[in-house]
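Residue-level structure breakdown
Below, each chain spelled out in residue letters.
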Amino acid sequence: MKHVIAVLWQTGLLIVSAFAGFIAGMIVPSIRIQRVISQSATHIRTYDFNWILAVLAVFIVLLVAGAILKRFREVAITATIALVITIAGLALFTQIGIKDVSFS
């Protein structure tokens, strides 16, 4: 039960950091990392990677905290499960990071 609770709060933390990274990329254009997915004469579709970088940064912080507390194996397992749930949930079921721009 302890591990389930740890996975749940770590997943929540990673989801919050994903949205914070996405918002930070929107507010501060100089830290925006994006790739053009498709482009035509009237339409550009891009994908912003800021949320993934924010999630990976928090994941690394969780691993370092586990190493410092000498519970690396336990934290690595729960944090990795939370990372997979977060990335799968946000990438597959939401449109976070995808931006469409149309020119008239």
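Structure: above.
Rules of the game
Residues numbered from 1 in each chain as written. Predicted model: local features only at pLDDT ≥ 70, side-chain atom pairs only at ≥ 80, totals over all residues. Heavy atoms only, no water. Axes fitted to C-alpha atoms, helices over the stretch in contact; angles between N-to-C directions. Helix = DSSP H or I, 4+ residues; strand = E, 2+ residues; numbered from the N terminus. Parallel < 35°, antiparallel > 145°, perpendicular 65-115°, else oblique. Left-handed = near helix turned anticlockwise from the far one by under 90°. Contact = heavy atoms within 4.5 Å. Nonpolar A, V, L, I, M, F, W, Y, C, P; charged D, E, K, R; others polar. Expected span 1.5 Å × (residues − 1). Buried < 20%, exposed > 50% of the residue type's maximum accessible area, 1.4 Å probe, protein only. Pairing = 2+ DSSP bridges. Polar contact = N/O pair within 3.5 Å; in protein donor to acceptor, adjacent residues only side chain to side chain. Core = buried A, V, L, I, M, F, W, Y, C linked by side-chain atoms within 4.5 Å.

Considering the packing of helix α2 (residues 50–68) against helix α3 (residues 72–93)
Interaxial distance between α2 and α3 falls to 8 Å at its minimum, and their mutual angle equals 170 degrees. Comparing the axis directions of α2 and α3 gives the class roughly antiparallel. As for the relative orientation of α2 and α3, their crossing is right-handed in sense. Residues W51, V55, L56, F59, L62, L63, G66 and A67 of α2 touch α3, and the partners they reach there are F72, V75, A76, A79, T80, L83, T86, I87, L90 and A91. Broken down by class, the residue content of the contact of α2 with α3 amounts to 15 nonpolar, 3 polar and no charged.

Some points on α3
With 22 residues, α3 extends 30 Å from end C-alpha to end C-alpha; this agrees with the ideal 32 Å at 1.5 Å per step. Of all the positions in α3, only V75, A76, T78, A79, A82, L83, T86 and L90 are classed as buried. Tucked inside the fold, the buried residues of α3 contact α1 (2–27) and α2.

Topic: α1
In an α-helix there are 3.6 residues to a turn, and that puts residues three or four apart on one side. For α1, spanning 26 residues, the distance from its first C-alpha to its last is 37 Å, which sits close to the expected 38 Å at 1.5 Å a residue. Taken together, the buried positions of α1 are A6, V7, Q10, T11, L14, S17, A18, G21, F22 and G25.

Brief notes about the pairing of strand β2 (residues 43–48)
Two strands pair when backbone bridges link them, and strand β1 (residues 34–39) and β2 are joined in this way by 5 bridges, in the antiparallel orientation. Counterpart to Q34 in the pairing with β2 is D48.

With respect to the side chain of S17
Structurally, S17 is set in helix α1. Within the structure, S17 has its side chain in polar contact with the backbone oxygen of L14 (distance 2.8 Å). Among all residues touching S17, those that are not within four sequence positions of it are A54, V55 and V58.

Examining the nonpolar core
Membership of the largest hydrophobic core comes to 15 residues, with the highest contact counts inside it found for L14, A18, W51, V55, F59 and L83. For this core, the secondary-structure elements that each account for two or more residues are α1, α2 and α3. For this core, the element with the highest residue contribution is α2, accounting for 6 residues. Apart from the residues within four sequence positions on either side, V55 is in contact with L14, S17, A18, L83 and T86.

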